[in-house]
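# Structural overview
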Amino acid sequence: MKLPHFSDLVIFENDDYLVVNKPPFLATLDERVGGAPNMLRLARQHHDDIQAAHRLDRETSGALAFAKNPAAYRHLAMQFENREVKKQYHAVVWGTPQLQNEVVERNIETTSRGKARLAYKGKPAETHFTTLETFSRHALMLCEPITGRMHQIRLHLMYLQAPIVGDKDYGGEDFYLSSLKKKFNMKEGEEEQPFIKRFALHAMRLQFTGLNGEEIAVEAPYPKDFRVLVEALRQNQ
């Protein structure tokens, strides 16, 4: 994977905070094994003391906030802890649920293998879901997590029987263009590849309060793979 230029990812910056549009397949922080590139390492090539204020899964794209100084970090960390940060994600899911601010409250606990599960004895987790658009066999969903549990949106969509496209850990199958196009022809000897090579989840919008009390609201445009997936579903209904 070719590493992006960090400056090309920045979609908001002031004296205290910096928000990037994180590409898929880059972890936020160091992962368990090895010294693979990650967003924090890229950020620290430009800002020595910067800290990630939260994290996105490696495959999730979208708005990711960094704090440039300790006071800014504490200020935003408290907002996350008090559930004052507004987060909006878009997901492409299997099925065509018709939801309007549907609230899912199902506890989540982490397991030993970097996964999580719904469990009565887990920590409380709450997500609100609204259907933005439906296609023949899929839907584009707005997901608004109130809490910030591991894999929360993915698990709650699985609970709704609308798992995310490509999320094989939580019930979502890969999507192939041939399932939409009747005249889809492969070259002889070629094997069809999934249309998107990750689970289709994008952190669309992040809203929080700056150190001076100003509201900061940042939107992250879709990356190419997510945008092309939505366009293909629209064109082949």
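Coordinates for the structure precede this section.
Computed from a predicted model, the values in this text were never measured in an experiment.

Calculation rules
- Residues numbered from 1 in each chain as written.
- Predicted model: local features only at pLDDT ≥ 70, side-chain atom pairs only at ≥ 80, totals over all residues.
- Heavy atoms only, no water.
- Helix = DSSP H or I, 4+ residues; strand = E, 2+ residues; numbered from the N terminus.
- Rg over C-alpha atoms; globule rule 2.2 N^0.38 Å.
- Buried < 20%, exposed > 50% of the residue type's maximum accessible area, 1.4 Å probe, protein only.
- Contact = heavy atoms within 4.5 Å.
- Areas by Shrake-Rupley, 256 points an atom, 1.4 Å probe, with all protein chains shown as cover.
- Lys, Arg positive; Asp, Glu negative; His and termini not counted.
- Charge placed at Lys NZ, Arg CZ, Asp CG, Glu CD.
- Pairing = 2+ DSSP bridges.
- Phe/Tyr/Trp six-rings, centres within 6.5 Å; stacked < 30°, edge-to-face > 60°.
- Lys NZ or Arg CZ within 6 Å of the ring centre and 35° of its normal.
- Core = buried A, V, L, I, M, F, W, Y, C linked by side-chain atoms within 4.5 Å.
- Polar contact = N/O pair within 3.5 Å; in protein donor to acceptor, adjacent residues only side chain to side chain.

The helix and strand inventory of the protein chain stands at five helices and 12 strands. Relative to the compact-globule value of 18 Å for 237 residues, the protein chain shows a C-alpha radius of gyration of 18 Å, a close match. Buried positions account for 46% of the 237 residues belonging to the protein chain. In the protein chain, the proportion of contacts linking residues at least 24 apart, taken out of those at least 6 apart, comes to 64%. Carbon and sulfur atoms form 44% of the exposed surface of the protein chain, whose accessible area is close to 13000 Å². Between the mean site of the 32 positive side-chain charges and the mean site of the 31 negative ones, the protein chain shows a separation of 4 Å.

Most of strand S11 (residues 201-209) sits inside the fold, with seven of its nine residues counted as buried. Bridge count between strand S4 (residues 61-67) and S11: two bridges; the pairing is parallel. If you follow Gly 62 over to S11, its bridge partner there is Ala 203. Alignment of strand S5 (residues 86-94) against S11, held across six bridges, turns out to be antiparallel. Looking at the pairing, Lys 87 lines up with Leu 206 of S11. With five bridges joining them, S11 and strand S12 (residues 215-219) adopt antiparallel strand pairing. Its bridge partner being in S12, Arg 205 is matched across the sheet by Glu 219. Linking S11 to S12, which pair antiparallel, is a turn of five residues; within it Gly 213 sits at a positive phi near 90 degrees.

Mapped onto the secondary structure, Ala 125 falls in the loop between strand S8 (116-118) and strand S9 (126-134). Note: C-alpha distance between Ala 125 and Thr 147 (22 residues apart in sequence) is 5.5 Å.

Attention now goes to the packing of aromatic side chains. Taken as a whole and assessed by the stated rule, the structure comprises four aromatic pairs. Where Phe 6 meets Phe 66, the ring centres are 6.4 Å apart and the plane angle is 75 degrees; that geometry is what we call edge-to-face. Here Phe 6 is found in helix H1 (residues 6-9), whereas its partner Phe 66 is found in strand S4, with 60 residues between them in sequence. Each of the two residues, Phe 6 as well as Phe 66, counts as buried. Between Tyr 222 and Phe 226 the ring centres are 4.6 Å apart and the planes differ by 55 degrees, which places this aromatic pair in the tilted class. Over the aromatic face of Phe 199 sits the side chain of Arg 154, whose NZ or CZ is 3.9 Å from the ring centroid.

Moving on to the nonpolar core. Nonpolar side chains in soluble globular proteins tend to end up buried together. In terms of nonpolar packing, the biggest core is built from 43 residues, with Met 39, Phe 66 and Val 92 touching the most fellow members. Ranked by residues supplied to this core, first place goes to S5 with five residues. With near-sequence residues (within four places) excluded, Val 92 lies in contact with His 138, Ala 139, Leu 140, Ile 164, Val 165, Ala 200, Phe 226, Leu 229, Val 230 and Leu 233. Ranked by size, the runner-up nonpolar core spans 14 residues in total, among them Ala 53, Ala 63, Phe 208 and Val 218.

In this section: the side chain of His 202. Mapped onto the secondary structure, His 202 falls in strand S11. A polar side-chain atom of His 202 sits 2.7 Å from a polar atom in the side chain of Ser 61.

With that settled, the discussion passes to unusual backbone geometry. In this structure, Phe 25 is a non-glycine residue whose phi angle is positive, near 75 degrees. Locating Phe 25 in the fold gives a position in the loop between strand S2 (17-22) and helix H2 (39-44). Residue Gln 161 is not a glycine yet carries a positive backbone phi of 60 degrees. Structurally, the position occupied by Gln 161 is in the loop between helix H4 (152-159) and S11. In this structure Gln 161 comes out as exposed when scored by relative accessible area, which is 72%.

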